[in-house]
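What follows is the residue order along each chain.
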Amino acid sequence: MYVPKNIVTNHHLMKYMDTSDEWIQERTGIKERRYADRTGETTTTMGVEAAKIALERAGITPGDIDFIVFATLSPDYYFPGCGVLLQRAMKMKEIGALDVRNQCSGFIYALSVADQFIRTGTYKNILVVGSEKHSFGLDFSTRGRNVSVIFGDGAGAVVLQPTEEDNRGLLSTHLHSDGESAEILAMFNPGTHANHWTGEQLADFDDAEMGEMFFSHAMIDKAQVFPNMDGPAVFKKAVEKFPEVIMEALNHNGLQASDLKLLIPHQANLRIAQFVQQKLKLKDDQVYNNIQKYGNTTAASIPIALCEAWEAGRVKDGELVCLAAFGSGFTWGSAVLRW
Ligand code: ACO
């Protein structure tokens, strides 16, 4: 894992918007988050830092990696994706590099893709990265406070390799989506939607004969270039789908919740994680939470939490771990692994 040095507390955010430490902690559990260096760090460079540690711990070099899967919603460029920028920065061979755009579920989706390539014997060393530099694209005025207080920057990475051992490693992944509520948690612009989907004025266009619909001056003037979230609606769906997809994973593997050494939920909101814990009757030490320190780092939150849990000795060889995520799309998913 890699998180930037710059710690931003709730009190710090109060300088920019009408909010309070009490409100943020009570609703989300977040005390502080990290923000990347404004010009010195990008989503890719943070991913590279996490990847270097993952490679070192796997005992391999960049030349050994034969596929990259990079999950993010805050890429360095609109295109090309961060995967190729990482391939260049780490001087890897001319291997495949895939970018995954599944927001909070990005890491689970990325892991699932990598798992299929391993299972078919296509690749032997796959680098899976989740990284976000949210701090560059948030509305730090009071208007954007329901979103901006939640998110933080950081990166996590894993190396996926085949194993000969039965019942070891990634046992299963389950992925889902429901686009019915796509606009509930979304960043609409820049984009090609032209207000097609909802009949709502999600983007204002300049008065031009051609083009200028993807990104217009009016969008900037009207602050239409920030993420949009109906928090209570996301919350409601998250507390339904998290337990559902975890149970799907457990049932698939013939396991009970009590068999899990650790559940690592995507760090969306501490209240969501607590709800899931209660619902599945998990003990406090069976659920890993670190949103208090990092906020919601989206595609990076699960690998960051997994790394911290492993470093703290909370995931040891042979122990069962469940990863689960829910987010924008909506998309959600789970993975069960025997470490
Ligand atoms: N500081 C102070 N007040 C605020 C802030 C803030 N940062 N943000 C919103 N408020 C105000 C609102 O304006 C509203 O005021 P009003 O009652 O005068 O209109 C009031 O607080 C309550 O707003 P709600 O949105 O109803 O508050 P809620 O209790 O639902 O909490 C929150 C908001 C934290 C966003 C919650 O809905 C939530 O966590 N939802 C899940 C969203 C989530 O986890 N998103 C992460 C991305 S998706 C994912 O990872 C799953």
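Details of the structure are given in the entry above.
Below or above, wherever it landed, is the structure these notes cover. (Residues numbered from 1 in each chain as written. Predicted model: local features only at pLDDT ≥ 70, side-chain atom pairs only at ≥ 80, totals over all residues. Heavy atoms only, no water.)

**Description of the nonpolar core**
Working step 1: Residues Phe242, Ile246, Leu263, Ile272, Val276, Phe326 and Val336 are the most contacted members of the largest nonpolar core, which totals 41 residues.
Working step 2: Broken down by secondary-structure element, the contributors of at least two residues to this core are α8 (231–252), α9 (270–279), β11 (320–327) and β12 (331–338).
Working step 3: Per-element accounting of this core gives the leading share, eight residues, to α8.
Working step 4: Ranked by size, the runner-up nonpolar core spans 30 residues in total, among them Val100, Leu306, Val321 and Ala335. (Core = buried A, V, L, I, M, F, W, Y, C linked by side-chain atoms within 4.5 Å. Buried < 20%, exposed > 50% of the residue type's maximum accessible area, 1.4 Å probe, protein only. Helix = DSSP H or I, 4+ residues; strand = E, 2+ residues; numbered from the N terminus.)

**Description of the pairing of strand β4 (residues 96–100)**
Working step 1: In terms of strand pairing, strand β3 (residues 67–71) meets β4 through five bridges, oriented parallel. If you follow valine 69 over to β4, its bridge partner there is leucine 98.
Working step 2: Handedness of the crossover joining β3 and β4 through helix α4 (residues 82–89): right-handed. (Pairing = 2+ DSSP bridges. Right-handed = clockwise from strand over helix to strand, strands pointing away.)

**Regarding the sheet that holds strand β5 (residues 126–132)**
Working step 1: With respect to topology, four strands assemble into an open sheet ordered β4-β3-β5-β6, the strand pairing being mixed. The outermost strands of the open sheet, each flanked by one partner alone, are β4 and β6 (154–160). For this sheet the average axis-to-axis angle between neighbouring strands, irrespective of direction, equals 15°.
Working step 2: Relative to β6, β5 is paired through seven bridges, and the arrangement is antiparallel. Within β6, the residue paired with valine 129 across the bridge is alanine 157.
Working step 3: The strands that α4 touches are β3, β4 and β5; relative to β3, the one it contacts most, it runs at about 130°. (Axes fitted to C-alpha atoms, helices over the stretch in contact; angles between N-to-C directions. Contact = heavy atoms within 4.5 Å.)

**Structural notes on the site of the ligand**
Working step 1: Within the structure, the ligand sits among 23 residues, and Thr19, Arg27, Gly231, His266 and Asn269 are positioned closest to it.
Working step 2: A distance of 3.0 Å separates a nitrogen atom of the ligand from a polar atom in the backbone of glycine 231.
Working step 3: A distance of 3.0 Å separates an oxygen atom of the ligand from a polar side-chain atom of asparagine 296.
Working step 4: Every element with two or more residues in the shell around the ligand is listed here: α2 (21–28), α6 (145–148) and α8. (Near = heavy atom within 4 Å. Polar contact = N/O pair within 3.5 Å; in protein donor to acceptor, adjacent residues only side chain to side chain.)

**Description of the sheet that holds strand β7 (residues 169–177)**
Working step 1: On the basis of which strands lie adjacent, the open sheet formed by four strands has the order β7-β12-β11-β10 and mixed pairing. For this open sheet the edge positions go to β7 and β10 (262–265), each flanked by a neighbour on one side alone. Taken pair by pair, the neighbouring strands of this sheet meet at an average axis angle of 10°, ignoring direction.
Working step 2: Alignment of β11 against β12, held across eight bridges, turns out to be antiparallel.

**Some remarks on the environment of phenylalanine 205**
Working step 1: Mapping phenylalanine 205 onto the fold places it in the loop between β8 (185–186) and α7 (217–221).
Working step 2: Note: C-alpha distance between phenylalanine 205 and aspartate 64 (141 residues apart in sequence) is 48 Å.
Working step 3: Beyond its immediate chain neighbours, meaning those up to four positions away, phenylalanine 205 contacts Ala194, Asn195, Glu212, Met213, Ser216, Ala218 and Met219.

**Side note on the packing of helix α3 (residues 43–58) against α4**
How two helices sit against one another is set out by the angle between their axes and by the gap between those axes.
Working step 1: Where α3 contacts α4, the two axes come as close as 9 Å, and the packing angle between them is 55°. With respect to each other, α3 and α4 are oriented oblique. Two packed elements cross with a definite hand, and for α3 against α4 that hand is right-handed. Contacts between α3 and α4 pair Thr43, Thr44, Gly47, Val48 and Ala51 from the former with Cys82, Leu85, Leu86 and Ala89 from the latter.
Working step 2: In terms of residue class, the contact of α3 with α4 is made up of six nonpolar, three polar and no charged. (Parallel < 35°, antiparallel > 145°, perpendicular 65-115°, else oblique. Left-handed = near helix turned anticlockwise from the far one by under 90°. Nonpolar A, V, L, I, M, F, W, Y, C, P; charged D, E, K, R; others polar.)

**A closer look at a nonpolar patch on the surface**
Working step 1: Nonpolar side chains collect at one region of the surface, where Tyr78, Phe79, Phe214, Phe215 and Ile220 lie side by side and expose about 580 Å² of accessible area between them.
Working step 2: Residue classification places phenylalanine 79 among the exposed residues on the basis of a relative accessible area of 70%. (Patch = residues over 30% accessible without salt bridge, like charges linked within 9 Å, V, L, I, M, F, W, Y side chains within 5 Å. Areas by Shrake-Rupley, 256 points an atom, 1.4 Å probe, with all protein chains shown as cover. Salt bridge = Lys/Arg side-chain N within 4 Å of Asp/Glu carboxyl O.)

**Notes on the side chain of threonine 72**
Working step 1: As for its placement among the helices and strands, threonine 72 is situated in the loop between β3 and α4.
Working step 2: Overall, the relative accessible area of 5% leaves threonine 72 in the buried class.
Working step 3: Polar contacts involving the side chain of threonine 72 include one to the main-chain carbonyl oxygen of serine 131, which spans 2.6 Å.
Working step 4: Polar side-chain contacts of threonine 72 include one of 3.0 Å to the side chain of glutamate 132.

**Things to note about the environment of serine 131**
Working step 1: Mapped onto the secondary structure, serine 131 falls in strand β5.
Working step 2: You can call serine 131 buried: its relative accessible area is 0%.
Working step 3: Taking the C-alpha atoms as reference points, serine 131 and alanine 299, separated by 168 residues in sequence, lie 5.9 Å from one another.
Working step 4: Those residues in contact with serine 131, other than ones at most four positions away along the chain, are Thr43, Met46, Gly47, Phe70, Ala71, Thr72, Ser74, Gly154, Ala155, Ala299 and Ala300.
Working step 5: A distance of 2.7 Å separates a polar side-chain atom of serine 131 from the backbone oxygen of threonine 43.

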